[in-house]
Amino acid sequence: MTDETPWKRNEVDSPCVKVCVVHPEARICTGCLRTIDEITRWSKMPPEERREIMTALPDRQSMLRKRRGGRAARLSQG
């Protein structure tokens with residue numbers, strides 16, 4: 001009998017949900033809530049830094065407020 005358990009590295013998993021859209025004001029991904037810098041550096045980060053980011057992600061949800069009014073609202077703000 002062979003062990004069919006896939007090999008797995010002992011790493012902090014990525015929070016990526018494959019919804020890569022950067023919020024125009026908050027400058028974080030609306031899918032995983034990471035900054036572009038965090039996304040870019042993720043594979044090279046030490047596990048401790050990844051854990052810190054994963055801990056901070058739930059609090060970032062409040063940074064994403066709904067945009068209302070579309071282009072007209074943005075132009076009237078300017």
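The structure under discussion appears in the preceding block.
Residues numbered from 1 in each chain as written. Predicted model: local features only at pLDDT ≥ 70, side-chain atom pairs only at ≥ 80, totals over all residues. Heavy atoms only, no water.

### Structural notes on helix α2 (residues 47-60)
- Relative to the 20 Å expected for 14 residues at 1.5 Å per residue, α2 spans 20 Å between its end C-alpha atoms, a close match to the ideal helical length.
- Of the residues making up α2, those classed as buried are Arg50, Ile53, Leu57 and Arg60.
- Check the buried side of α2 and you find it contacts α1 (36-41). (Helix = DSSP H or I, 4+ residues; strand = E, 2+ residues; numbered from the N terminus. Expected span 1.5 Å × (residues − 1). Buried < 20%, exposed > 50% of the residue type's maximum accessible area, 1.4 Å probe, protein only. Contact = heavy atoms within 4.5 Å.)

### Let's talk about the nonpolar core
- Within the largest apolar cluster, nine residues are counted, these being Val12, Ala26, Ile28, Leu33, Trp42, Met45, Ile53, Leu57 and Leu64.
- Residues within four places of Leu33 in sequence aside, it is in contact with Ile28, Leu57, Arg60, Gln61 and Leu64. (Core = buried A, V, L, I, M, F, W, Y, C linked by side-chain atoms within 4.5 Å.)

### Focus on the side chain of Arg50
- With respect to the secondary-structure elements, Arg50 resides in helix α2.
- A polar side-chain atom of Arg50 sits 2.8 Å from the main-chain carbonyl oxygen of Trp42. (Polar contact = N/O pair within 3.5 Å; in protein donor to acceptor, adjacent residues only side chain to side chain.)

### Remarks on the environment of Ala26
- Along the chain, Ala26 falls in the segment before α1.
- Residue class for Ala26 comes out buried when judged on its relative accessible area of 16%.
- Not counting the four nearest positions on each side in its chain, Ala26 is found in contact with Met63 and Leu64.

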